[in-house]
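What the coordinates show
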Amino acid sequence: HYATAHVVYGNSNQGDIAIRKAIAQQLTTAFAPRPVRFLEIKWGELTDRVATEINARCDLFVIAGGGYIFLKADGSPGHMLERVRELDKVRCPIFAYGIGLNRLMHEEVCALGDLPEPTREKIRYLGERCEKISVRDTETARLFALHSGKPVALAGDPALFDLLRGPAAGLHFPGEHRPHD
């Protein structure tokens, strides 16, 4: 069997929930017929106690979901990327799956090629710690090409694949007819 520590950043909206469900389904399918167990943690909860449990029980550590890399207008990292060195606690292979770059649309932002050195270092470190990385968009792929040298796979947002099969279980999308409505 495979046990994965699956990093999620909470379930703040239906999109986050859809991504979480899609990733769990896709990982379960990828390892079938072997059963997969998930130990989900939120970013910022990688305490020494949690890391000890991950290192004892998990075969993989998966950083999953959309806006993992948030850059502020000045190019400094958001709180998840700022804490990337917490990955030092994890001893099993680390994979980043469907991660993406988020920036606030109303801000004038720092060009990706002009990021401050501390931000570039954190992106390099993330590339070094991950065995493989898939990203959801070309801008995130460009970010890694500029600052990490780590080849990444452009895979799209994991929730999109569920939408091709129909709405993710338990979600209601505007305009969708549900028999119990």
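Everything discussed here concerns the structure shown above.
Residues numbered from 1 in each chain as written. Predicted model: local features only at pLDDT ≥ 70, side-chain atom pairs only at ≥ 80, totals over all residues. Heavy atoms only, no water.

Okay, the overall build of the chain next. Of the regular secondary structure elements, the chain holds six helices and eight strands. Listing each helix as α and each strand as β along the chain from the N terminus yields β-α-β-α-β-β-α-β-β-α-β-α-β-α. Out of the 181 residues belonging to the chain, those deemed buried represent 43%. Considering only contacts in the chain between residues 6 or more positions apart, those separated by 24 or more positions represent 73%. When the accessible surface of the chain is totalled, it reaches about 9,500 Å², and 55% of it is carbon and sulfur. (Helix = DSSP H or I, 4+ residues; strand = E, 2+ residues; numbered from the N terminus. Buried < 20%, exposed > 50% of the residue type's maximum accessible area, 1.4 Å probe, protein only. Contact = heavy atoms within 4.5 Å. Areas by Shrake-Rupley, 256 points an atom, 1.4 Å probe, with all protein chains shown as cover.)

Right, let's talk about helix α1 (residues 14-31) for a bit. Given a rise of 1.5 Å per residue, 18 residues ought to cover 26 Å, and the 26 Å separating the end C-alpha atoms of α1 matches this to within 8%. Turning to α1, its buried residues number three or more, namely Ala18, Ile19, Ala22, Ile23, Ala24, Gln26, Leu27 and Phe31. (Expected span 1.5 Å × (residues − 1).)

What follows is about the packing of aromatic side chains. A complete count under the given rule lists zero aromatic pairs for this structure. In this structure, Arg85 packs its charged tip against the face of Tyr125, placed 3.9 Å from the ring centre. (Phe/Tyr/Trp six-rings, centres within 6.5 Å; stacked < 30°, edge-to-face > 60°. Lys NZ or Arg CZ within 6 Å of the ring centre and 35° of its normal.)

So far we have only geometry, and geometry alone does not tell us how the molecule works.
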